[in-house]
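# Descriptive analysis of the structure
Next come the chains, spelled out residue by residue.
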Amino acid sequence: MAMRQTPLTCSGHTRPVVDLAFSGITPYGYFLISACKDGKPMLRQGDTGDWIGTFLGHKGAVWGATLNKDATKAATAAADFTAKVWDAVSGDELMTLAHKHIVKTVDFTQDSNYLLTGGQDKLLRIYDLNKPEAEPKEISGHTSGIKKALWCSEDKQILSADDKTVRLWDHATMTEVKSLNFNMSVSSMEYIPEGEILVITYGRSIAFHSAVSLDPIKSFEAPATINSASLHPEKEFLVAGGEDFKLYKYDYNSGEELESYKGHFGPIHCVRFSPDGELYASGSEDGTLRLWQTVVGKTYGLWKCVLPEEDSGELAKPKISFPETPEEELEEIASENSDSIYSSTPEVKA
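Residue indices follow the written sequence of each chain, beginning from 1 at its first position. Thresholds applied to this predicted model are a pLDDT of at least 70 for local features of residues and 80 or more for the giving and counting of side-chain atom pairs; totals over whole chains, interfaces and linings are not thresholded and use all residues. Excluded from the side-chain calculations are hydrogens and water; all other atoms, namely the structure's heavy atoms, are used.

## Observations regarding the pattern of salt bridges
Quick note on the threshold: The salt bridge definition used is simple: a Lys or Arg side-chain nitrogen within 4 Å of an Asp or Glu carboxyl oxygen. The helix and strand labels rest on DSSP assignments: H or I over at least four residues marks a helix, E over at least two residues marks a strand, and numbering proceeds from the N terminus. Burial status follows relative accessibility: with a 1.4 Å probe on protein chains alone, a residue under 20% of its type maximum counts as buried, one over 50% as exposed, and anything between as partly exposed.
Scanning the model with the defined rule gives 10 salt bridges in all. Between Asp121 and Arg125 there is a salt bridge, and its shortest N-O distance comes to 2.6 Å. We note a salt bridge from Glu138 to Arg125, for which the minimum N-O separation is 3.4 Å. Note that Glu138 is positioned in strand E13 (residues 137-139) and Arg125 in strand E12 (residues 124-128), a separation of 13 residues in sequence. Relative accessible area serves as the criterion here: at 41%, Glu138 is assigned to the partly exposed category. A residue is classified by how much of its surface remains accessible, and Arg125, at 3% relative accessible area, is buried. One continuous salt-bridge network, built from bridges that share partners, spans Asp121, Arg125 and Glu138.

## A closer look at the UniProt feature "repeat: WD" (unreviewed entry) in the protein chain
Convention followed: UniProt positions are given in the numbering used here, feature names are shortened, and annotations may be inferred rather than shown by experiment.
Feature annotation in UniProt places "repeat: WD" (unreviewed entry) on residues 55-96, 96-137, 139-179 and 261-293, given in this structure's numbering. Strand forms 58% of residues 261-293 and helix 0%; the C-alpha atoms that close the span are 12 Å apart.

## Focus: the environment of Ile102
Our working definition: Any two residues whose heavy atoms approach within 4.5 Å at even a single point are treated as in contact.
Residue placement: Ile102 occurs in the loop between strand E9 (93-98) and strand E10 (103-108). Each C-alpha atom of the pair Ile102 and Ala79 lies 4.5 Å from the other, and the pair is 23 residues apart in sequence. Every residue in contact with Ile102, bar those within four places of it in the chain, is listed here: Trp63, Ala78, Ala79, Phe81, Gly119 and Gln120.

## As for the nonpolar core
As a reminder of what qualifies: For this analysis, a nonpolar core means a set of buried residues of the types Ala, Val, Leu, Ile, Met, Phe, Trp, Tyr and Cys, connected via side-chain atoms within 4.5 Å. As used throughout, domain bounds are those supplied by an automatic or database domain assignment.
Ranked by internal contacts, the top residues of the largest apolar core, which has 17 residues, are Leu159, Val166, Phe182, Met189, Leu198 and Ile200. Taken together, the elements giving at least two residues each to this core come down to strand E14 (148-152), strand E15 (157-161), strand E16 (165-170), strand E18 (186-192) and strand E19 (197-202). Composition of this core by domain shows at least three residues from each of domain 1 (16-181) and domain 2 (187-298). Residues within four places of Ile200 in sequence aside, it is in contact with Val166, Leu180, Phe182, Val186, Ser188, Met189, Ser205, Ile206, Ala207 and His209. One finds Phe31, Phe55, Leu67 and Trp86 within the second-largest nonpolar core, a separate group that totals 16 residues.

## With respect to the side chain of His99
Stated precisely, the cut-off is as follows: Pairs of N or O atoms within 3.5 Å make up the polar contacts considered here, provided that, within protein, one atom can donate a hydrogen while the other can accept it, and that residues adjacent in sequence are counted only when both atoms are side-chain atoms.
Structurally, the position occupied by His99 is in the loop between E9 and E10. Within polar-contact distance, the side chain of His99 engages the backbone oxygen of Leu97 at 2.9 Å. Within polar-contact distance, the side chain of His99 engages the side chain of Tyr127 at 3.4 Å. With residues near it in sequence (within four places) discarded, His99 still touches Phe81, Thr82, Ala83, Thr117, Arg125 and Tyr127.

## Points about the sheet that holds E14
Condition: Paired strands are those between which DSSP finds at least two bridges. Axis definition: a line fitted to C-alpha atoms, over the contacting stretch in the case of helices. Angles run 0 to 180 degrees between N-to-C directions.
Read from one edge to the other, the open sheet built from 4 strands follows the order E14-E15-E16-E17, with strand pairing classed as antiparallel. At either margin of the open sheet sits one strand with a lone partner, and together these are E14 and strand E17 (175-181). When the angles between neighbouring strand axes are averaged without regard to direction, this sheet yields 20 degrees. Note: E15 against E16, 5 bridges, orientation antiparallel. Across the sheet, residue Ile158 finds its bridge partner in E16, namely Trp169.

## Quick look at the sheet that holds strand E8 (residues 82-87)
Within the open sheet, the 4 strands sit side by side as E6-E7-E8-E9. Their pairing is antiparallel. In this open sheet, the two edge strands, each paired with only one partner strand, are strand E6 (62-67) and E9. Adjacent strand axes in the sheet meet at a mean angle of 15 degrees, parallel and antiparallel pairs treated alike. Bridge analysis of E8 against E9 gives 5 bridges, and the strand direction is antiparallel. For Thr82, the partnering residue across the bridge sits in E9 and is Ala98.

This is the structure:
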């Protein structure tokens, strides 16, 4: 009997979800942050989607969000010409980093001492978070707005993507090492430290390159325009989503399409595997995040495997379901609890 994928839907945002990121695995589990055009990035428990809090302070759409490895700090990039660093435990804003244009991407070094930013002014900036009053180091060379910028090779190098170019930079010399040019717009970029793999999406293509040399490894073609892709931590699977509202799962070694699901009511903007590889999260134009099982039918998080004779053959149904909460009500909750990010919770539902 085929097992049916039952995603968990995480509501609370009121505009399209455009970026998401997981923390590493901590003693308290792992965590998920989402960036949204409503200007209110949200922090959730990664394995269940349970809402922890909302970071309030941006005055424009938030385009990028990330957590440091141990989930003690968060960083966000926004259309209000700022990047912000937050205490992810208390929800307090730690610093605001002013820019000259829209900021699209943020990334911490492994030790959380430096923050890399990029945006519409075509400059990469490196901030020393221990010296917030100091001017950032700047790297120029991009010819259009920067969409994504990531530390790589143990923070010795930087990967960045603008409209049709991916560039590799040396951190010590602040110079370009190599670049890749594409004939269409680059929609996303993911860096996999284990194996130094770079995942790039453009058009219908999902391409894998060496993060050290930028040499090609392999590429797949999807049935629709892809906005984001993510490689499983064990490099067994690849998931991707895009303009046709569907999520695709591929065998990384053979390129065979294993599964496809239509679970959103709008284009998918971002998809990422959890650090343990047990699930992947997707964010969409429809304003929701959804969590999907990598192995359908496994008991994990809110999913419970039920034997056929116990429940008419339906497996891996979420154990709990919360009633619908209108978005207007969620906004009221957020405004009522603006003093603390730990308060009433948007729902996670099947």
